[in-house]
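Residue-level structural notes
In case you want the letters, here they are:
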Number of protein chains: 2
Amino acid sequence: MTTRAPNHLPAWQALLSHHSRIASLHMRRLFADDAERARRFSLEACDLFLDYSKNRITAQTMELLFELARQADVEAWRERMYAGDAINTSEGRAALHVALRHPGDAPFPHADRDVMPQVLAARRRMREISDALRAGTRLGHSGKPITSVLHIGIGGSHLGMEMAVQALAAREAGRPAVRFVSSVDAANLAGALQGLDAETTLFIVASKTFSTAETMLNAASAAQWLRAGSGRDAIAGQFIAVTANDDAARAFGVAAEDILPVWDWVGGRYSLTSAMALPVAVAAGMDAFEELLAGAHAMDRHFHETPLEQNMPVVLGLLGVWYRNFFAAATRAVLPYDYPLRALPAYLQQLEMESAGKSVARDGDALGIATCPVVWGASGNDAQHSFFQLLHQGSELVPCDFLVAARGAHASPGHDDTLLANALAQAEALMGGREAAETRARLEGQGLGGPALKARLPHCVFAGNQPSSTLLYERLTPRTLGALVALYEHRLFVQSVCWGVNAFDQWGVELGKELAQGIVAELAGGGVGSHDGSTAALLERVRRMRSKS
Amino acid sequence: MTTRAPNHLPAWQALLSHHSRIASLHMRRLFADDAERARRFSLEACDLFLDYSKNRITAQTMELLFELARQADVEAWRERMYAGDAINTSEGRAALHVALRHPGDAPFPHADRDVMPQVLAARRRMREISDALRAGTRLGHSGKPITSVLHIGIGGSHLGMEMAVQALAAREAGRPAVRFVSSVDAANLAGALQGLDAETTLFIVASKTFSTAETMLNAASAAQWLRAGSGRDAIAGQFIAVTANDDAARAFGVAAEDILPVWDWVGGRYSLTSAMALPVAVAAGMDAFEELLAGAHAMDRHFHETPLEQNMPVVLGLLGVWYRNFFAAATRAVLPYDYPLRALPAYLQQLEMESAGKSVARDGDALGIATCPVVWGASGNDAQHSFFQLLHQGSELVPCDFLVAARGAHASPGHDDTLLANALAQAEALMGGREAAETRARLEGQGLGGPALKARLPHCVFAGNQPSSTLLYERLTPRTLGALVALYEHRLFVQSVCWGVNAFDQWGVELGKELAQGIVAELAGGGVGSHDGSTAALLERVRRMRSKS
C-alpha cells in the first residue's frame, strides 16, 4: 500500500493551487452562476438525502478530491477492511465492525476467517436477554421482575449506547428503564442509583478488557449496593458483562450465560453495532436493533460498492480533508435538528477524534499535516440560542453538518415546522449572509436612519460563506440511525486514509493512565513521586484542603 | 475610550516578537529551569486555587500581557461596567449583572441609578416562591402540593440554570423535581412531561422578551397539556413567568404575583444570578442560591479591586488572548473533573461564543484579528476515554481548563482518589509528554525489542507541551459555583476588551430567525419564497418526504 506522505501526492499539490484560486469565491456567486448546483452536489443513499452544495467547492474541487482519494488508495484500503486484513497495523488486528451487521449466514469476511457464527450467536443471546427483560420474565434475586437496567461503561462502551437509547427509546414505554453510569465520580453512580431497588435492578458491565479502572470501580460499588440491598451476593443473575475477557467477568461473579462477547477486531468506538448495544436492545427492542443493523449494513454496502463520485461517506470524508488541510479549519460542528439525536456530537467526538487525532502515519513517520479537527456541536435548535453567533459573525471558518428530519417523532405540526424551518434557515443564512446594502435597506425599513443607522449597520452585516452539509431523512427510524452511524464511521475512515493514519489504535490514552496509577498510590500512601513542580504543588494543595476538618 | 485596533497597540506588537522567540520552548524545560515556576504562576481567590504554570509562558510573557491589558484599557472598561455605563454600546444599555449579587441595601451602582430595590424585591419573591414549593405549601388547581417543576426556556434562559441545578441539586432530596425543556422539537417537551401530573406540575416560562418563538410554542403546548389534564384553564397559579415583558406574561394568563423580573441591563447569558435562576432556588434552596450569589460577589470584588497581576479573571482572559492571537489556537477545552459540573462546557460555550464571536469592534470597524475561539469540552474523566487521544497526539494546540475538587460530593475514597489522580495525571501528561528515549526504555521494560519495538515506538511518543490551567477547590459548594460563574464572566469580559468587541450584544442571531419565519410560513402555506437553489431543493425534498403516506 501507499507509503507516500499525503501532502506529497500530486492531487494534494493540485488542490493547494486550486484552493488559492477559489478560496475567496463566495457561495452566493456559485449558486447564482449555476442553476444546477444543488442537484449537482447532492446524493441519495439508504434513505438519507445529502445536500453538499453549500460547500466552498466547484466541480473541479470535487474532481481533484476524488483524485486525491484514488492516489491515497482509499479504494484499496476499503477492500482491505472488508477482507478482514490487519489494517490496524500497530496492533496487528482487523477492523471488522462491518461484520457486526452482516446479514445471513454466508461466511464473512471469507471462509478462512468466518466471524459470522460468533456474531450471530451474540445476536441471538442479545435477543434472549433483551426479550426477557422487556417481557418482565427476567427476575431479580427475590423473584420480582427486573424493572431497571443500569449500564456501566465509559468511552466506547458508553457514548454510542446512550446516544442510540436516547434516539430510539422514546418509542417504547412500560419497558425497563435504562440508565448509564460512565464517570468514576461517585456522584454519577449515586445519581443513577437514586430511586432504584436492589430487587429489581440489573447491571450491565461493559468493558472490552474488563479492567477499565473507572468501570471496574463503578461495578464494584454497584455490587456492594446490590449486596447491601439484597443481603446476599446477587451478582450472578443481576450482573451481565459485555467483554472480550470472559475469565475476568467470571471471576467477578457474572454467570457464564450472562457474558456477551466482543472481539479484538471491534474497537470500542466502533462497537455500537456489537453486543455492547445490549442497553439499546433493552430500551428499544431487539427488532429495532436489528433494523438499526440493517440500516448500517445498507450503508456498508453503499460504501463498499459505489463509485467514489456517488459515495456518501467518501464525499463527506473528502470535504473534511478539504476544510481541514486547505482552509485550515480546526473544527467541525455537528448540529442535529432532531432532539433525540442530541448526543450525536459527543458520540462523533470520540469516533473521529480518538480515531484520527494523531500525528504519525501508519508506518510511524511523522506527518507534517493537520489531521483530525475538533468535532463539537449540540442540538441545533438549542445551539442557535447559544453559539451560533460565532458561526454567523465570528472569525472562524466552521464547516457544519445539519441533520434534519422531515417529520418529527411526535407529529406536532407547529413544533415540527418551526424546527425544520430553523434548520433550513440557519444553513441558508450561514451560506448567503446578508451584505451591507441589503442590511441597510432592511434597517431603513425599520425606521432607522442617520447616525443610528450608521452605528448599527456594521453589527448587522453577515459575511456568509460559512459552509454546511445537510443530511435530510424522512424520520429518525432505527434504520436511519444505523445508516447514519455507518456513514460517519466510513466518512472517518476515508479521512484517515487520506491522512495516512491508522484509525483503529489509540496509543495516546496510555500515558495519562499510567501516571494516574502512580498518583492514586501516592494519594493513598502519602508519599510523593517524581513530578513537575506544578503537579507536586497541586498534590500538596489537595492534601492541605483535605486535611481541613 | 481607546479606539485603536488591538493589534496596533505597542504591547500587541511586542507580544508578536516575543512569541516568535518563545513559541518553540518546551514547558518541561521551563519547569526544569525554574524551581519556583509553580508558585510564581499560581493565584488564590474566593476559595479557588488557580495553577497556571502549565502554560507556554515566561515571566516576560505575563508582563507583556498585563501591559496589553493596560493599553487596551481593561481597567477603565471594568470601571465603566461597575459604574453602570452603557457599555453595551450597540444597544445603549448597561451590563450590570454584578448588581444581581450585590449585597445589602447601599445604592448600586450609585444613588442616581440605584437598581438594588428591584434586585432585592426579586430575590425576596424568589425566596417566597421557592420556599413554598420546597415546603409543599404551593398547591396546584386541585389542592394537591406541587411536586414537579418544568422550566421552559432556551439559550441564556436555560443553559446556566440546568448547569447549576445539576451542580447543586444532588444535595437535596424530597423536594420538587426540576426538569428543563429548551428545544422546540416536540420530543423534548413530550419526554419532559412523561410521568408528570397536571394536578401537581408547575411551569416556569423564562424569556426576557416573552416572545422567543421556541419558548412560546413550548409554553403554549404545556398550557394545552395542563388544560387537557385539569379540565380547565389552570395557567394562573401553575405558570410562573420570568421576563422583562410583564404585559405579554399577563396576556398569556400568568398571575401578576407570579411574574418575576429581569431587566434590559442583564443579558440572557449573564442571567444565572438573576430571577431566571428560580429553578436553582427550587432545586437547591434559596439559601444555597444566596450562597451562590455571595460567591459570585466575592469574585466580583476580587475582579474589581485586585491589581491586574493578581487578578484571576484577568490572568485567565489574557492567557486566552495569548493562545488565540499568538499561537492561533482555534479552540479551548473545558474539562470539569467533577461530574456535577458536566454541563459547564455547554454553559461556557454560550457565555463566551455568543459574547465574543464577532468580527467588528464596538465602533463597527472591521477587526483584522481572530476573536473568540470555539469553546468545547466534557466531563473530564469521560473525555479521557473519548477525545483525549487528540489532545495528546493530535496536530492541534488546545489549551485546556481543568476543574478539580479536592473532595467529591459523596466521600467515596476509591472513587474520589481515582478521579482526582486522573485530573492531575492528564494535565501532567499533556504538559510533559514522553520523549522517544524514555518511551523506548519503557517498551523495552515490557519486553519489546527489535522490529516490534521500532514499529511501536513512534506511536507511543508524546510531544507534550499542551497547555492547561487548573482550578482547584476544596469542594463544589454553592459559593464555589458562584465564584466560578463570575470568574468566567469576567474572564470573557477581559478578553472582549482586549479584542475590542462589545460582549453584550448578539446581532448575529437575527438573520437566521428572520429567514426561519419566512420558511415556517412557506411550509404552512405551500408557497416557495426566494431562496438559493440548495434551500429551495431541500424544501421541495421535505414536501416530497412528508407527502408519503
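Everything quoted here is computed from the prediction, not taken from an experiment.

Before going further, it helps to spend a moment on the overall build of chain A. Secondary structure assignment for chain A yields 23 helices and 11 strands. The C-alpha atoms of chain A give a radius of gyration of 25 Å, which matches the 24 Å a tight globule of 549 residues would have. Its C-alpha atoms give chain A principal-axis dimensions of about 80 × 60 × 60 Å. Sorting the 549 residues of chain A into buried and exposed places 63% on the buried side. Sequence-distant contacts in chain A: of pairs separated by 6 or more residues, those separated by 24 or more amount to 74%. Total accessible area computed for chain A in this model is approximately 17,900 Å², and 50% of it derives from carbon and sulfur atoms. The positive charge centre, built from 51 side chains, and the negative charge centre, built from 58, are 5 Å apart in chain A.

A separate point is unusual backbone geometry. Residue and element names in this part refer to chain A. A cis amide bond, omega 0°, links phenylalanine 108 with the succeeding residue proline 109. With a phi close to 65°, aspartate 73 is a non-glycine residue in the positive phi region. Mapped onto the secondary structure, aspartate 73 falls in the loop between α4 (59-71) and α5 (74-82). On the basis of relative accessibility, which here comes to 25%, the residue aspartate 73 falls in the partly exposed class. Although it is not a glycine, alanine 328 adopts a positive phi angle of roughly 60°. Examined against the element boundaries, alanine 328 turns out to sit in the loop between α14 (312-326) and β8 (331-337). Given the relative accessible area of 56%, alanine 328 is considered exposed.

On to the environment of His415(B). For His415(B), the position within the fold is in helix α18 (residues 413-432). Setting aside anything within four residues of it in sequence, one finds His415(B) in contact with Val184(A), Ala186(A), Leu217(A), Asn218(A) and Ser221(A). Within the structure, His415(B) has its side chain in polar contact with the side chain of Ser221(A) (distance 2.6 Å).

In this section: the domain arrangement of chain A. All names here are of chain A. On domain assignment, one finds that chain A holds domain 1 (6-71 + 306-432 + 466-505), domain 2 (110-286), domain 3 (435-463) and domain 4 (509-547). The partner domain 2 presents 13 residues to the 22 residues of domain 1 that form the contact. Note on domain 1 versus domain 2: buried area summed over both sides is about 1,600 Å², and carbon and sulfur give 63% of it. Looking at the side of domain 1 facing domain 2, the largest losses of area belong to Tyr347, Gln350 and Leu481, adding up to 30% of the total buried there. Summed over the shared surface of domain 1 and domain 2, the number is 1 salt bridge. For the salt bridge of glutamate 354 with arginine 269, the shortest nitrogen-to-oxygen distance reads 3.1 Å. Contributions of two or more residues to the side of domain 1 that touches domain 2 are made by α15 (344-356) and α21 (478-499). Looking at the side of domain 1 that touches domain 2 element by element, the count peaks at 7 residues for α15. Considering only residue class, the side of domain 1 that touches domain 2 consists of 14 nonpolar, 3 polar and 5 charged.

This next bit is on the pairing of strand β5 (residues 201-206) of chain B. All names here are of chain B. A large share of β5 lies buried, amounting to 6 of its 6 residues. The alternating pattern of β5 places Thr201, Phe203 and Val205 and Leu202, Ile204 and Ala206 on opposite faces, both of which are buried. Pairing of β5 with strand β6 (residues 239-243) involves 4 bridges; the strand directions are parallel. The partner of isoleucine 204 across the bridge, within β6, is isoleucine 240.

Right, let's get into the pattern of salt bridges. Under the criterion given, the structure shown has 66 salt bridges over all chains. Between Glu44(B) and Arg541(A) there is a salt bridge; the shortest N-O distance is 3.0 Å. One end of the pair, Glu44(B), is in strand β1 (residues 42-45); the other, Arg541(A), is in helix α23 (residues 533-547), on a second chain. Arg301(B) serves as the salt-bridge partner of Glu305(B), at 3.1 Å between the closest nitrogen and oxygen. Taken together, the residues span about one helical turn, with Glu305(B) and Arg301(B) both in helix α13 (residues 286-305) at a distance of 4 residues. Taking relative accessible area as the criterion, Glu305(B) reaches 52% and is therefore assigned exposed.

Taken together, the 126 residues of chain B in the interface contact 127 residues of chain A. Carbon and sulfur atoms make up 61% of the surface buried where chain B meets chain A, a total of about 11,100 Å² over both sides. Summed over the shared surface of chain B and chain A, the result is 12 salt bridges. Residues Glu396(A) and Arg324(B) are paired through a salt bridge, measuring 2.7 Å at the closest nitrogen-oxygen approach. Per element, the largest residue contribution to the side of chain B that touches chain A is 15 residues, and it comes from α18(B). For the side of chain B that touches chain A, the class distribution of residues is 51 nonpolar, 47 polar and 28 charged.

Note on the chain copies: they are related by a rotation about an axis and a translation along it. Of the two same-sequence chains, chain B is brought onto chain A (RMSD 0.0 Å, axial shift 0.0 Å) by a rotation of 180°. Such a combination of turn and shift is consistent with a two-fold rotation axis.

Further remarks concern the confidence of the model for chain A. With 99% of its residues at a pLDDT of at least 70, chain A reaches an overall mean of 96. In the model output, the complex is listed with pTM 0.97 alongside ipTM 0.97.

With that settled, the discussion passes to helix α9 (residues 213-230) of chain A. Taking 1.5 Å per residue, 18 residues should reach 26 Å; α9(A) reaches 25 Å between its end C-alpha atoms and fits that length. Immediately beyond the C-terminal end of α9(A), within one or two residues, lies Gly231(A), with a positive phi of roughly 75°.

This next bit is on the packing of aromatic side chains. Applying the stated criterion across every chain yields a total of 34 aromatic pairs over all chains. When the centroid spacing of 5.0 Å and the interplanar angle of 50° are considered together, the rings of Trp12(B) and Phe326(B) count as tilted. Taken as a pair, Trp12(B) in helix α1 (residues 10-22) and Phe326(B) in helix α14 (residues 312-326) lie far apart in primary sequence, 314 residues in all. Taken individually, Trp12(B) and Phe326(B) each receive the classification buried, so the pair is uniform in this respect. Among the aromatic residues, those joined into a cluster by ring pairs are Trp12(A), Trp322(A), Tyr323(A), Phe326(A) and Phe327(A).

Hydrogen bonds between backbone groups are what pair the strands of a sheet, and the pairing can be parallel or antiparallel. All names here are of chain A. One open sheet holds the 5 strands; their spatial order is β4-β3-β5-β6-β7, and the pairing between them is parallel. Single-partner strands in this sheet number two, and they are β4 (177-181) and β7 (259-261). Shown here is a sheet whose adjacent strand axes are inclined to one another by a mean of 20°, direction ignored. Looking at chain direction, strand β6 (residues 239-243) and β7 are connected through 3 bridges and run parallel. By the bridge assignment for β7, valine 242 is matched with leucine 260. On the sheet, α9 packs against β3 (148-152), β4, β5 (201-206) and β6 and is oriented at approximately 160° with respect to β5.

Now for the packing of helix α18 (residues 413-432) of chain A against helix α23 (residues 533-547) of chain B. Helix packing geometry: the angle between the two helix axes and the distance between the axes. Relative to each other, α18(A) and α23(B) sit at 155°, their axes nearing to 10 Å. One way to sum up the angle between α18(A) and α23(B) is to call them roughly antiparallel. Taken as a pair, α18(A) and α23(B) cross one another with a handedness that is right-handed. When α18(A) is examined against α23(B), the residues Asp416(A), Asp417(A), Leu420(A), Leu424(A) and Glu428(A) are found in contact with a partner set consisting of Thr535(B), Leu538(B), Leu539(B), Val542(B) and Arg546(B). Classifying every residue of the contact of α18(A) with α23(B) by side-chain character gives 5 nonpolar, 1 polar and 4 charged.

Basis of the calculations
- Residues numbered from 1 in each chain as written.
- Chains lettered and ligands numbered in written order.
- Predicted model: local features only at pLDDT ≥ 70, side-chain atom pairs only at ≥ 80, totals over all residues.
- Heavy atoms only, no water.
- Helix = DSSP H or I, 4+ residues; strand = E, 2+ residues; numbered from the N terminus.
- Rg over C-alpha atoms; globule rule 2.2 N^0.38 Å.
- Buried < 20%, exposed > 50% of the residue type's maximum accessible area, 1.4 Å probe, protein only.
- Contact = heavy atoms within 4.5 Å.
- Areas by Shrake-Rupley, 256 points an atom, 1.4 Å probe, with all protein chains shown as cover.
- Lys, Arg positive; Asp, Glu negative; His and termini not counted.
- Charge placed at Lys NZ, Arg CZ, Asp CG, Glu CD.
- Polar contact = N/O pair within 3.5 Å; in protein donor to acceptor, adjacent residues only side chain to side chain.
- Domains from an automatic or database assignment.
- Buried area = accessible area lost by both parts, 1.4 Å probe.
- Salt bridge = Lys/Arg side-chain N within 4 Å of Asp/Glu carboxyl O.
- Nonpolar A, V, L, I, M, F, W, Y, C, P; charged D, E, K, R; others polar.
- Pairing = 2+ DSSP bridges.
- Least-squares fit on C-alpha atoms with pLDDT ≥ 70 in both.
- pLDDT = per-residue confidence, 0-100.
- Expected span 1.5 Å × (residues − 1).
- Phe/Tyr/Trp six-rings, centres within 6.5 Å; stacked < 30°, edge-to-face > 60°.
- Axes fitted to C-alpha atoms, helices over the stretch in contact; angles between N-to-C directions.
- Parallel < 35°, antiparallel > 145°, perpendicular 65-115°, else oblique.
- Left-handed = near helix turned anticlockwise from the far one by under 90°.

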